[in-house]
Amino acid sequence: PEHLRTAEAAIAAAGERLDRDLGRDVSQPVTLDFDSTLVEVYGRCKPGASRAHTGQLAYQPLLGVWAERGRVLCSELLQGSESTRTDVTLALVRRTLALLPAGHGHVGARFDSGFYRTELLRMLRQEKVSFSISVPRSRAMWRALERIADEGWQEAIDFPGAEVAETTYAPEGWEHEPLRLIIRRVQFAAEGIASDLRARRRRTIPPAQLSLVASGEASVAYGYSFILTDMPGTAELIEHHHRRRAQIE
């Protein structure tokens, strides 16, 4: 591990030199994206490999990427079955922050719901890092959705047919101000909602709406996504900014 950390530092230093040679402004704001992926392997004797939720025997690289530079700053190799909601992620985030050049601008970080954990949000606040993170759909999210008025929805940016609204939410264990909860909804026709109970689209639709569709009482239903953030700006801009984190994939 020590050799790998030394390599990360050397690559970051080379990136800083490249940025200087290209005349890039180091003081500009920084966006960091964190994500993991699965790399399938074959052979039961592969050290450190394990069965992921997909059933594949796999390794799981965990990456910290500087979005504006398209540059990987940090990485960690997990087993395929390991969770990203652990202290390993907290350590990776800290190492990534430490590898940013001196004089960098304000830092914002983006995560998917696989990282959702109050301890991560507390650490980001301590480090003065703004964040946007997808929140798993739960009863708490469906209750928050009920607070949105019909007139509270606005058209999403660069996402035809999608709308965005905002409320607030304080996760359990969060000692600071209530955070902004940005909600996106997309309308689906009843005939387009798969009958397969494992289909991802079905998981985005509230159970009550699914029941109405199944009984034939509703011809459409809405799928919802939830983003918790402390970033400034309109709900539409934040949702668009968070959606762009997909570039890490």
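Calculation notes
- Residues numbered from 1 in each chain as written.
- Predicted model: local features only at pLDDT ≥ 70, side-chain atom pairs only at ≥ 80, totals over all residues.
- Heavy atoms only, no water.
- Core = buried A, V, L, I, M, F, W, Y, C linked by side-chain atoms within 4.5 Å.
- Buried < 20%, exposed > 50% of the residue type's maximum accessible area, 1.4 Å probe, protein only.
- Helix = DSSP H or I, 4+ residues; strand = E, 2+ residues; numbered from the N terminus.
- Contact = heavy atoms within 4.5 Å.
- Axes fitted to C-alpha atoms, helices over the stretch in contact; angles between N-to-C directions.
- Parallel < 35°, antiparallel > 145°, perpendicular 65-115°, else oblique.
- Left-handed = near helix turned anticlockwise from the far one by under 90°.
- Phe/Tyr/Trp six-rings, centres within 6.5 Å; stacked < 30°, edge-to-face > 60°.
- Lys NZ or Arg CZ within 6 Å of the ring centre and 35° of its normal.
- Salt bridge = Lys/Arg side-chain N within 4 Å of Asp/Glu carboxyl O.
- Expected span 1.5 Å × (residues − 1).
- Pairing = 2+ DSSP bridges.

Undergrad: Please clarify how the nonpolar core should be interpreted in this entry.
TA: Ranked by internal contacts, the top residues of the largest apolar core, which has 43 residues, are Leu32, Phe111, Leu120, Ile133 and Phe226. With five residues, helix H4 (residues 139–145) is the single largest residue contributor to this core. Those residues in contact with Ile133 that lie beyond four places of it in its chain are Phe111, Asp112, Phe115, Tyr116, Leu120, Leu121, Phe226, Ile227, Leu228 and His242. Among the nonpolar cores identified, the runner-up in size contains 15 residues, and Val186, Phe188, Ile193 and Ile205 belong to it.

Undergrad: Which parts of the structure should I look at to understand the packing of helix H2 (residues 87–98) against helix H3 (residues 118–126)?
TA: Helix-helix packing is described using two parameters, namely the angle between the two axes and the distance between the axes. One way to put it is that H2 packs onto H3 with a least axis distance of 10 Å and a crossing angle of 20°. On the basis of their axis angle, the class for H2 and H3 is roughly parallel. As H2 packs across H3, the resulting crossing turns out to be right-handed. Residue-level contacts link Leu90, Val93 and Arg94 of H2 to Glu119, Leu120, Met123 and Leu124 of H3.

Undergrad: What is the right way to read the packing of aromatic side chains from this model?
TA: The geometry of two aromatic rings is summed up by the distance between their centres and the angle between their planes. Per the stated rule, a full pass over the model turns up seven aromatic pairs. Aromatic side chains Phe131 and Trp174 sit 6.3 Å apart centroid to centroid with 85° between the ring planes, which places their arrangement in the edge-to-face category. Here the residue Phe131 occupies a position in strand S7 (residues 130–134), and Trp174 occupies one in the loop between strand S9 (162–169) and strand S10 (179–189), the gap between them amounting to 43 residues. Take Trp174: its relative accessible area is 8%, and that puts it in the buried class. The cationic tip of Arg185 hangs over the ring face of Tyr222; the distance from NZ or CZ to the ring centre is 4.3 Å.

Undergrad: Is there a simple way to explain the pattern of salt bridges in this structure?
TA: Pairing between side chains becomes possible if they bear opposite charge and their charged atoms approach one another. According to the stated counting rule, one finds 17 salt bridges in the structure shown. Residue Arg117 pairs with Asp87 through a salt bridge whose shortest N-O separation is 3.1 Å. Of this pair, Arg117 sits in the loop between strand S6 (107–111) and H3 while Asp87 sits in helix H2, and the two are 30 residues apart along the sequence. The buried category is assigned to Arg117, whose relative accessible area is 19%.

Undergrad: What is the right way to read unusual backbone geometry from this model?
TA: Peptide bonds are, in most cases, trans, and in most cases residues other than glycine have a negative phi. A positive phi angle, near 60°, is found at Lys128, a position not held by glycine. With respect to the secondary-structure elements, Lys128 resides in the loop between H3 and S7. Not every positive phi belongs to a glycine, and Asp158 is a case in point at roughly 55°. Considering the arrangement of structural elements, one finds Asp158 in the loop between strand S8 (154–155) and S9.

Undergrad: I tried to follow helix H7 (residues 235–243) on my own but got confused; where do I start?
TA: Note: α-helices contain 3.6 residues per turn, so residues at a spacing of three or four share the same orientation. Residues of H7 that are buried: Ala235, Ile238, Glu239, His240 and His242. Where H7 is buried, its residues meet S6, S7, S9, S10 and strand S11 (220–229).

Undergrad: Even after reading the chapter, I still don't get H2, so can you show me in this structure?
TA: Its 12 residues place the ends of H2 17 Å apart at the C-alpha level, agreeing with the 16 Å of an ideal helix rising 1.5 Å per residue. Inspection of H2 places Thr89, Leu90, Leu92, Val93, Arg95, Thr96 and Leu97 among the buried residues, and these make up the whole buried set. Structurally, H2 contributes buried residues whose contacts are with helix H1 (2–21), strand S1 (30–36), strand S4 (57–66), strand S5 (71–79), S6 and H3.

Undergrad: How should I be thinking about the pairing of S5 in this particular structure?
TA: For a regular strand, side chains alternate in direction, first toward one face of the sheet and then toward the other. Note: S4 against S5, eight bridges, orientation antiparallel. Residue pairing in the sheet places Trp66 in a bridge with Arg71 of S5. What sits between the antiparallel neighbours S4 and S5 is a turn of four residues, in which Gly70 has the positive phi angle 65°.

Undergrad: Is there a simple way to think about the side chain of Asp19 in this case?
TA: Among the structural elements, Asp19 can be located in helix H1. When its relative accessible area of 7% is taken as the criterion, Asp19 is described as buried. Apart from residues lying up to four places away in sequence, Asp19 is in contact with Arg24, Trp66, Arg69 and Arg71.

Fair warning: the whole summary comes from geometry, so function is off the table for now.
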